Amino acid sequence: MGPIETGESGIIFDIRRFTIHDGPGLRSTVFLKGCPLDCKWCHNPEGKKSSIDLWHFKNKCIACHICVGKCPQKALSVSADKANHINIDKSLCNKCGICVSECPANALAFDGRLVTVQEIIQEVKKDTAFYEESHGGVTLSGGEPFYQKNFSRKILESCKTEGINTIIETCLYTTRETIDEFVECVDEFIIDIKIFAREEHIVHTRADNEIIKANFKYLAKKVNSILVRIPLIPEFTATPENIQQIAQFVATTRSDIPIELINYNPLGRNKYVLRNKEFCLSDSVKPFTDDQINDFYAIIARAGAAIVKDDVIIRKTKKK
Amino acid sequence: MLDYNLYLDRLDSIEPFGRIDKLRKHILHEPRYLSIEQAKIITKTYRQNEEKPRIIQRALALKNALEQIEISLDPQELIVGNRSTKIRAGIVSPEAGIEWINKEIESLPTRAQDRFNVDNKDIIEFRSELYPYWHNKGLRDKIGQVLDENMDDFELAVKINQKDHSQGHICPDTEKWLSHGPSGLRKIVQGKIKDCDISKRDFYLSVDLVLEGAIRFMGRYADLAKRMADSESDESAQSSLLEVSRICKKLESSPPESYHEALQSLWFLFVILHMESNANSISPGRMDQYLYTYFEKDFLEGRLTLDRALELTEALWIKFNHIVYMRNTKSAKYFAGFTTGFNVAIGGVDDDSNDATNLLSFIFLRAQDQVRLSQPNLSARIHNKTPEKFLNACIKVIGNGGGMPQIFNDESIIPALTNKGIDIKDARNYSIVGCVELSTHGNSLGWSDAAMFNMVKVLELTLNNGYCLLTGKKLGLQTGFLYDYKTYEDLENAFKTQINYFIDKMIKACITVDRMHAAYLPSPFLSSVMENCLDKGRDVTAGGAFYNFSGVQCIQVANVADSLAAIKTSVYDEKFVMPVTLLEALRKNFKGHEILRNRLLNKIPKYGNDVEWVDRIGQKWVAYFSKEVGKYRNARGGLFQIGLYTVSAHVPMGLNVGATPDGRLAKQPLADGGLSAVYGRDQTGPTALLNSVSRIDSILASNGSLLNLKFLPEFFQKESNIVKFSSFLRTFIKLHIHHVQFNVVRREDLLAAKKNPEAYRDLLVRVAGYTAYFTELADDLQDEIIRRTEYGAD
């Protein structure tokens, strides 16, 4: 077995420090590549595929065309109409990386990199002083961390060895055996639930959520610290029925599990624009107002679920 | 001490005061004018006393000004006193230097930075009465006569400060002033005159003269307030004026007893200090500590409500904005936006290293949040035992914008001060003077802004055989060209040689300037409130203070680290560019070398991203500079020490520097602040930046250091983020960084304010250790602030 199969190495697309929306305290978030879902609105499209792709960013390109001459595969060419548009022939590109290192403007870039667990630990340990002071730590996100489960588990186990608090952010599209493997090394599970209705889920995420629902019930019995998050995507997830259904499902599973709503962020659209891709919503779609969000929270509360607002859990009855 | 926790909710609920709001609007909308009134009194005094020693001339000039200058007060004011009838007037002080005013008087209303209106009548009087008398006689002229004639060239690399004004940068012994008052101090001085050594007699006589003037000054305000009360029809205005009159009358002969009296006494001290030394950064220091007993006594005995204490505090906060310091055009670029520097410190540790936060600390924060003007410069001292409530209260005020309070770290600053031989008790009681300059309280002439050493320029000269890239002039030593240095170590050695050359010249110039101040600007009033001066019988400018330092600034860590990292990688390690090509590219400002410039910018790591080897380059050169500077003694027998801050000088100092190997174009600003990364280059977030900054040895920066961070206002709208921010600051304490401050502002608002300044008159931004009105800054500085990296968007 190679290092990827054993989980000694894996593919990530970013490590961000000073993340403030991925759990308590100040955290570093490791974004892993690969996801079993294919949500239309995904705000980390680079996390969907597990393989590494080469991208060209015309906003950075200085049209020097060094890349074209350096490519041993002759996979790069200048677009006919614009000097700062470089076409990548993916059938020729073997991802050798020469153009990436040669590009003086960093306009050619891979959307991921192969790293070892050790390298990740070395990077996240740089902010240990901040984690200690803030009761923060490391969050694994993605993509879907379970997609590279051996790698994810080894990162989390190494974090525990280092005394770093761990959170995993997952869609739970995985097997029970996988969940079992993570119970020991995860301090808190953040579960993203998008759509409750089975057919709609399949249409908009290209995955069946029966597995997710069953896993959620299973996880709720096994671990204590769980947070559910619903991304508020206009037209897709942010409908009163959907929110009500998810809330009811969570409340009947375990009423102390809180739900947090994540507002739509129009900036995510930018990633699609930079990659010349269509986005599911127009640029005129705005985030929800505080009043609208409060209305959604009211639906959740009526369904009997606890809510999280501004990181504070609000429950109807206090849990013993 | 009473438990402040009991009063914090009440304090938060106090509504803004109508009286304060009126005074505040006045400050924002009143045009500034040049004032030559004091200059005329000074000139007349000198004409009448030509034969007297300088210190007596100076004392008489101040005394006459205190007794004769036109005074005014606003019936809304609870704290009174100013050195001009108009607020924010630009004062001409002829003893310091008048040549620049002669050259610039017509352009003062239209210049790019720090404008003042000028009456035609004043121009005529200036040219006919003042200029002819002072031509060639001021401090600036005398310094010019003894310094090298090539100073202008030298100053492209090292700017020597304090050449045409008093140097300020001092925290007077406020406790002594408050406990004795001018009458009490006069008794001490008169006791000394009787049997003093003849050599000290003029000094004591001069102190006696200025204190006599100070007493009369207070009395004149008592009389004026009384006269205004007599003709006042409104009953509450009348009683307010009568109270002001009573207090001023009392302060003539007695020390203050109540909180109101203490605030008034303190303000008189600062007005008079500014009349004697037309300077910036004369700072009150730890007001929450030395005013506390006055406050607590009144408060506990029921004479003072919390509301009234806040209103009185705000009345003083307003007064701190009435005095601005007018600089020459060049200097105004380096210290843009009226850096008057009434620095007030709150919180911190006491003599025994316990937390010293008290209810006044919170009252001052609340006053700051309500008044929101550029002065005072509020500084919060924090340490391992700072209470969470105080830290959170600070963060909430920071989150509302305006850049205050700025944050100082007792845990790193106190060791840095004791490391320079300062007694531990004095170190624990440190104050900040001006922006971020560190000083002990009431016993030190720190001469904090002696010079600014442009390391980036010296590096440029090292690469180009001593020749300026912009003008071709020879400024440094001929140590060779970049292509002559066979190894990186050769380059480093040449850099050391150049640094030593410039340090030596800088020190000599600083000593000259210092001596000239002692000769031409002795300051008897300041000496009366400076520990040891009265005992020694020696003026503060002549070394009378207990501590005597000189501070020189090392500018700028980020650019030096980025540039050397770029050379090391591109020329010596990876060898992707020939040294001759790189030098050629720099000479051409990268014209025709755009690919190389992009490589240097994008392919080599930059300071501020937690890349250890790059940060260590910055550390190395700060340490080298500190070691070399530390070998010298100043004119007053004290040490030279280093600071890592620029005020706004990163913009004009950048104008002096050609293209740099890190890909920066010629004349672009240097990194802001002092320890900040080059704007936009810190791409790894604020924790990475703090880690990078912590690699620079803060213990060496005993003159002070500065770090700017910019956050979005949205970040502070969530309660949970305030908690996160608080732990961010607690980690900052542990990382032993001296200082950090925050601009909390949206880029869009800054852009809108640039377009439509009238609508954004009160938009405050943090420039560098001080806050200024954004719309009062020159274009290039505005642009630089807009370009700084924003955090907290996520």
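Quick caveat, the model's predicted, so the values are computed rather than measured.

Caption draft 1: Seen up close, the overall build of chain B. When helices and strands are counted, chain B shows 33 helices and 18 strands. A globule of 794 residues ought to have a C-alpha radius of gyration of about 28 Å, and chain B, at 26 Å, matches this closely. Overall, the C-alpha framework of chain B stretches about 80 × 65 × 50 Å when taken along its three principal axes. Taken over 794 residues, chain B has a buried fraction of 68%. Sequence-distant contacts, at least 24 apart, represent 79% of the contacts inside chain B between residues at least 6 apart. Just so you have it, chain B exposes about 25500 Å², and 48% of that area is on carbon and sulfur atoms. Computing the positive centroid from 99 side-chain charges and the negative centroid from 101, chain B places the two 4 Å apart.

Caption draft 2: Spatial organisation of the interface of chain A and chain B. Of the residues lining the interface, 27 residues belong to chain A; the matching set on chain B comes to 27 residues. Among the residues of chain A in contact with chain B, Phe18(A), Phe130(A) and Glu133(A) are the three that bury the most area, contributing 27% of the side total. At the surface where chain A touches chain B, the tally comes to 3 salt bridges. A salt bridge links Asp610(B) to Arg17(A); the shortest N-O distance between them is 2.6 Å. Counting across the interface, chain A meets chain B through 14 residue pairs in polar contact (both at pLDDT 80 or more). Where the side of chain A that touches chain B is concerned, the elements lending two or more residues are strand 1 (9–19), helix 3 (98–102) and helix 5 (128–134) of chain A. Residues of the side of chain A that touches chain B, tallied by class, amount to 13 nonpolar, 6 polar and 8 charged.

Caption draft 3: Expanded view of the sheet that holds strand 1 of chain A. Residue and element names in this part refer to chain A. Pairing is mixed across the open sheet formed by 10 strands, whose spatial order is 7-1-2-8-9-10-11-12-13-14. Looking at the sheet topology across the chains shown, the edges are occupied by strand 7 (113–116) and strand 14 (312–314). Shown here is a sheet whose adjacent strand axes are inclined to one another by a mean of 35°, direction ignored. Of the pairings in the sheet, the one linking strand 13 (residues 306–309) to strand 14 comprises 3 bridges and is antiparallel in character. Note on strand 14: the bridge partner recorded for Ile307 is Ile314.

Caption draft 4: Molecular detail of the packing of aromatic side chains. Residues and elements named next belong to chain B. The final tally for this structure, using the stated rule, is 50 aromatic pairs over all chains. Measuring from ring centre to ring centre gives 4.5 Å for Phe495 and Trp621, while their planes differ by 50°; the resulting arrangement is tilted. Of this pair, Phe495 sits in helix 22 (residues 488–520) while Trp621 is found in helix 28 (residues 612–629), placing the two residues 126 residues apart along the sequence. Accessibility expressed as a relative area gives 1% for Trp621, which makes it buried. Ring geometry for Trp621 against Tyr624: centres 5.8 Å apart, planes inclined by 65°, an arrangement best described as edge-to-face.

Caption draft 5: Broad picture of the pattern of salt bridges. This model, assessed by the stated rule, comprises 77 salt bridges over all chains. Residue Arg58(B) is joined to Glu95(B) by a salt bridge in which the shortest nitrogen-to-oxygen separation is 3.4 Å. Taken together, the residues span a long stretch of sequence, with Arg58(B) in helix 4 (residues 54–68) and Glu95(B) in the loop between strand 2 (90–91) and helix 5 (99–104) at a distance of 37 residues. This pair shows no difference in class: Arg58(B) is buried, exactly as Glu95(B) is. Here the residues in one salt-bridge network are Arg17(A), Glu123(A), Lys126(A), Asp127(A), Asp610(B), Asp615(B) and Arg695(B), joined through shared partners.

Caption draft 6: Region of interest: the side chain of Glu95(B). All names here are of chain B. Residue classification places Glu95 among the buried positions, given a relative accessible area of 5%. Within the structure, the side chain of Glu95 is placed 2.5 Å from the side chain of Tyr46, a separation counted as a polar contact. Separated by 3.4 Å, the side chains of Glu95 and Arg58 make a polar contact. Look past the residues within four positions of Glu95 in its chain and what remains in contact with it is Ile42, Tyr46, Arg54, Arg58, Trp134, Gly138, Leu139 and Leu521.

Caption draft 7: Structural context of the nonpolar core. Of all hydrophobic cores here, the largest spans 262 residues; its most connected members are Leu291(B), Met506(B), Phe625(B) and Phe742(B). Those residues within four positions of Leu291(B) in sequence are excluded, and the remaining contacts are Leu178(B), Tyr259(B), Ala262(B), Leu263(B), Leu266(B) and Leu360(B). Tyr131(A), Ile230(A), Ile299(A) and Ala305(A) belong to the second-largest nonpolar core, a separate cluster that totals 56 residues.

Cut-off values and rules
- Residues numbered from 1 in each chain as written.
- Chains lettered and ligands numbered in written order.
- Predicted model: local features only at pLDDT ≥ 70, side-chain atom pairs only at ≥ 80, totals over all residues.
- Heavy atoms only, no water.
- Helix = DSSP H or I, 4+ residues; strand = E, 2+ residues; numbered from the N terminus.
- Rg over C-alpha atoms; globule rule 2.2 N^0.38 Å.
- Buried < 20%, exposed > 50% of the residue type's maximum accessible area, 1.4 Å probe, protein only.
- Contact = heavy atoms within 4.5 Å.
- Areas by Shrake-Rupley, 256 points an atom, 1.4 Å probe, with all protein chains shown as cover.
- Lys, Arg positive; Asp, Glu negative; His and termini not counted.
- Charge placed at Lys NZ, Arg CZ, Asp CG, Glu CD.
- Buried area = accessible area lost by both parts, 1.4 Å probe.
- Salt bridge = Lys/Arg side-chain N within 4 Å of Asp/Glu carboxyl O.
- Polar contact = N/O pair within 3.5 Å; in protein donor to acceptor, adjacent residues only side chain to side chain.
- Nonpolar A, V, L, I, M, F, W, Y, C, P; charged D, E, K, R; others polar.
- Pairing = 2+ DSSP bridges.
- Axes fitted to C-alpha atoms, helices over the stretch in contact; angles between N-to-C directions.
- Phe/Tyr/Trp six-rings, centres within 6.5 Å; stacked < 30°, edge-to-face > 60°.
- Core = buried A, V, L, I, M, F, W, Y, C linked by side-chain atoms within 4.5 Å.

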